[in-house]
Amino acid sequence: MSSGGSNGWKSYSRAPLAVRASVALAITLAFLLIPAFGDHWAYAHLYRARLYDLDWAMALRATGTLYVWIPVALIIWLVQRERDAALAKRRALLVLGSPVLAGLLCEVMKLLIRRERPDVAAGDWVFRTWSDHTFSTAGLATPSSHTMVTFGAATMLARMYPRARWVFYVLAWGCGATRVLSHGHYLSDVTFGALLGWAVGWGVWMQWGPKSMENGRSKMEDRRWKTEDGGPKTEDGRTDGVR
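Residues numbered from 1 in each chain as written. Predicted model: local features only at pLDDT ≥ 70, side-chain atom pairs only at ≥ 80, totals over all residues. Heavy atoms only, no water.

**Section: the packing of aromatic side chains**
Point 1. If you walk through the whole model with that rule in mind, you get 3 aromatic pairs.
Point 2. Note on Phe 151 and Tyr 169: the rings are 6.3 Å apart at their centroids and 35 degrees apart in plane angle, and the pair reads as tilted. With Phe 151 in helix 7 (residues 145-160) and Tyr 169 in helix 8 (residues 165-181), this residue pair connects regions lying 18 residues apart in the sequence.
Point 3. Relative to Trp 202, the ring of Trp 198 has its centre 5.8 Å away and its plane inclined at 15 degrees; by these criteria the two rings are stacked. Of this pair, Trp 198 and Trp 202 both sit in helix 9 (residues 187-225), 4 residues apart, roughly one helical turn.
Point 4. Residue Trp 198 is classed as partly exposed on the basis of its relative accessible area, which comes to 35%.
Point 5. Aromatic ring contacts, followed pair by pair, group Phe 151, Tyr 169 and Trp 173 into a single cluster.
Point 6. Directly above the ring of Tyr 52 sits Arg 61, whose terminal nitrogen or CZ lies 4.7 Å from the centroid.
Point 7. The aromatic ring of Trp 77 is capped on one face by Arg 81, whose charged end is 4.7 Å from the ring centroid. (Phe/Tyr/Trp six-rings, centres within 6.5 Å; stacked < 30°, edge-to-face > 60°. Helix = DSSP H or I, 4+ residues; strand = E, 2+ residues; numbered from the N terminus. Buried < 20%, exposed > 50% of the residue type's maximum accessible area, 1.4 Å probe, protein only. Lys NZ or Arg CZ within 6 Å of the ring centre and 35° of its normal.)

Now the structure itself:
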């Protein structure tokens with residue numbers, strides 16, 4: 001990355017959370033409009049009847065719910081708490097908090113956009129009037145909540161465990177693909193949700209992730225590897241004699 005680009009990114013990363021969120025939202029809105037041109041084509045050509053009768057499809061769809069991410073956060077806390085309780089708690093809260101915030105934002109966006117699901121008018125766009133179930137998101141499509149939740153979680157996990165990031169994003173895109181193939185959402189619902197979910201996960205990470213994770217890692221590494229003479233520790237706490 002060039003020095004100009006690097007400086008620009010540093011300035012952006014140090015900006016207040018509200019500013020960063022606003023910029024991310026503006027970019028995401030642009031990505032809603034471009035895929036919208038493919039909504040009707042996708043509805044006509046990308047469909048699998050009774051898709052969710054298939055185990056793999058249901059498994060992918062489930063990653064867009066908190067039924068998956070609550071246990072994942074709990075597992076992270078249980079596995080890591082003996083080594084570093086504070087670090088384990090922070091990681092668990094980040095993994096759970098990112099999809100929760102993504103889901104809440106999604107509900108607000110659905111109330112504002114008010115686009116019905118594709119099958120309401122055989123793939124044509126239909127928008128619900130404000131007088132019709134004003135504060136209910138039932139039956140509203142944009143953005144896809146499953147996609148937004150799974151990308152919120154995947155983005156956070158990708159930051160924490162970068163070597164496995166492709167696994168998290170494959171699951172997230174798989175979840176979004178099933179929403180299009182089942183006619184549960186328009187193509188643009190999914191791309192919009194993916195980018196919004198990514199923006200939420202990235203924003204949460206930049207605000208609360210790096211500092212707390214670095215502090216937690218340094219404390220854990222100090223206890224595991226550093227001794228008075230500088231030698232690494234074995235599992236029973238003795239040094240191995242390397243100097």
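**Side note on unusual backbone geometry**
Point 1. Residues Thr 142 and Pro 143 are joined by a peptide bond in cis, for which omega reads -5 degrees.
Point 2. With respect to the secondary-structure elements, Pro 143 resides in the loop between helix 6 (85-113) and helix 7.
Point 3. Phi at Arg 50 is positive, roughly 55 degrees, even though this residue is not glycine.
Point 4. Residue placement: Arg 50 occurs in the loop between helix 3 (39-45) and helix 4 (55-62).

**Some words on the pattern of salt bridges**
Point 1. Enumeration according to the criterion identifies 4 salt bridges in this entry.
Point 2. One salt bridge connects Asp 189 with Arg 115, and the closest N-O pair in it is separated by 2.6 Å. Residue Asp 189 is found in helix 9, and its partner Arg 115 is found in the loop between helix 6 and helix 7; the two are separated by 74 residues along the sequence.
Point 3. When its relative accessible area of 0% is taken as the criterion, Asp 189 is described as buried.
Point 4. Connected via shared salt-bridge partners are Asp 39, Arg 115 and Asp 189. (Salt bridge = Lys/Arg side-chain N within 4 Å of Asp/Glu carboxyl O.)

**Side note on the packing of helix 6 against helix 7**
Point 1. Where helix 6 contacts helix 7, the axes come no closer than 8 Å and their chain directions differ by 150 degrees. Between helix 6 and helix 7, the interaxial angle falls into the category roughly antiparallel. By crossing handedness, the relation of helix 6 to helix 7 is classed as right-handed. Across the interface between the two elements, Arg 91, Leu 94, Val 95, Ser 98, Pro 99, Ala 102, Gly 103, Leu 105, Cys 106, Glu 107 and Lys 110 of helix 6 pack against Ser 145, Met 148, Val 149, Gly 152, Ala 153, Met 156, Leu 157 and Met 160 of helix 7.
Point 2. A class-by-class count of the residues in the contact of helix 6 with helix 7 yields 12 nonpolar, 4 polar and 3 charged. (Axes fitted to C-alpha atoms, helices over the stretch in contact; angles between N-to-C directions. Parallel < 35°, antiparallel > 145°, perpendicular 65-115°, else oblique. Left-handed = near helix turned anticlockwise from the far one by under 90°. Contact = heavy atoms within 4.5 Å. Nonpolar A, V, L, I, M, F, W, Y, C, P; charged D, E, K, R; others polar.)

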